[in-house]
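# A look at the structure
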Amino acid sequence: MSTRTDTRRAPARKGGSGKGGGAAPASPGRAPGRKAGAARARPAPRIPFVLLVLCLLGGALVALLVLRSVVAQEAFTIASLQAENRELAYEEQQRRNTVAGLEASERIAEEAEAMGMEQGEAPLFLDPENGEITGSAGSGE
């Protein structure tokens, strides 16, 4: 007894419903003299389709990378502009405080006295209806 098994294929059947079997029934659109294999169209080559799909995927990948880099660049620009805006707002607040200090009446009076100015007399007011002058004629001190 042998332990070997027969690995040969069985011969293909002729006729019946198997693939590559006998003649197929004639369809109404075909000429009766043609064989079924000759009327079958050759399958389209797959390489151009695969290349097209690969090119589309590659183009989509490149587009996504470009879009991502543009978004990252814009985010960096926004961050730098926000930092610059904060610095300018701080500087503006400092200048407002400086102007408020320079406009203080006490400081203006002190600088005027330092320059040698004297405080004027108390103001006098003229009443146009009856022509009288009102107010004190003395010194304003």
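Residues numbered from 1 in each chain as written. Predicted model: local features only at pLDDT ≥ 70, side-chain atom pairs only at ≥ 80, totals over all residues. Heavy atoms only, no water.

## Concerning the overall build of the chain
Threshold: Secondary structure elements follow DSSP: runs of H or I of four or more residues count as helices, runs of E of two or more count as strands, with numbering from the N terminus. The method behind every accessible area is Shrake-Rupley, applied with a 1.4 Å probe, and residues are considered shielded solely by the protein chains displayed.
On a plain count of helices and strands, the chain comes out with three helices and two strands. Taken from N to C terminus, the helices and strands of the chain fall in the order α-α-α-β-β. Summed over all atoms, the accessible surface of the chain reaches about 14000 Å², with 59% contributed by carbon and sulfur.

## Let's talk about the confidence of the model for the chain
How we decide: In predicted models, pLDDT denotes the confidence assigned by the predictor to each residue on a 0 to 100 scale.
Per-residue confidence for the chain gives a mean pLDDT of 81; residues scoring 70 or more make up 73%. At the level of individual helices and strands, the chain shows its lowest average pLDDT in helix H1 (residues 36-39), which scores 56, and its highest in helix H2 (residues 47-102), which scores 96.

## Structural notes on the UniProt feature "transmembrane region" (unreviewed entry) in the chain
Short version of the rule: UniProt positions are given in the numbering used here, feature names are shortened, and annotations may be inferred rather than shown by experiment.
In this structure's numbering, the residues bearing the UniProt feature "transmembrane region" (unreviewed entry) are residues 49-71. End C-alpha atoms of residues 49-71 are separated by 33 Å, and the span's content is 100% helix alongside 0% strand.

## A few points about a nonpolar patch on the surface
For clarity, the threshold we go by: Any residue with relative accessible area above 30% and no salt bridge may belong to a patch, with like charges joined within 9 Å and the nonpolar Val, Leu, Ile, Met, Phe, Trp and Tyr side chains within 5 Å. A pairing counts as a salt bridge when a side-chain nitrogen of Lys or Arg comes within 4 Å of a carboxyl oxygen of Asp or Glu.
Nonpolar side chains collect at one region of the surface, where Ile47, Phe49, Val50, Leu51, Leu52, Val53, Leu54, Leu56 and Leu57 lie side by side and expose about 900 Å² of accessible area between them. Considering the arrangement of structural elements, one finds Leu54 in helix H2.

## Details of the pattern of salt bridges
Oppositely charged side chains may form a pair once their charged atoms are brought near each other. Rules: Relative accessibility decides the category of a residue: with a 1.4 Å probe and only protein chains considered, values under 20% of the type maximum give buried, values over 50% give exposed, and everything between is partly exposed.
A complete count under the given rule lists three salt bridges for this structure. In this structure, Glu111 and Arg107 form a salt bridge, with 2.0 Å as the shortest nitrogen-oxygen distance. Pair noted here: Glu111 and Arg107 are both in helix H3 (residues 105-114), with a separation of four residues, about one helical turn. Look at Glu111 and you get partly exposed, because its relative accessible area is 40%.

## Points about H3
Counting buried positions along H3 gives one out of ten residues, so the element sits mostly on the surface. Following H3 by one or two positions, Gly116 adopts a phi angle in the positive range, close to 100°.

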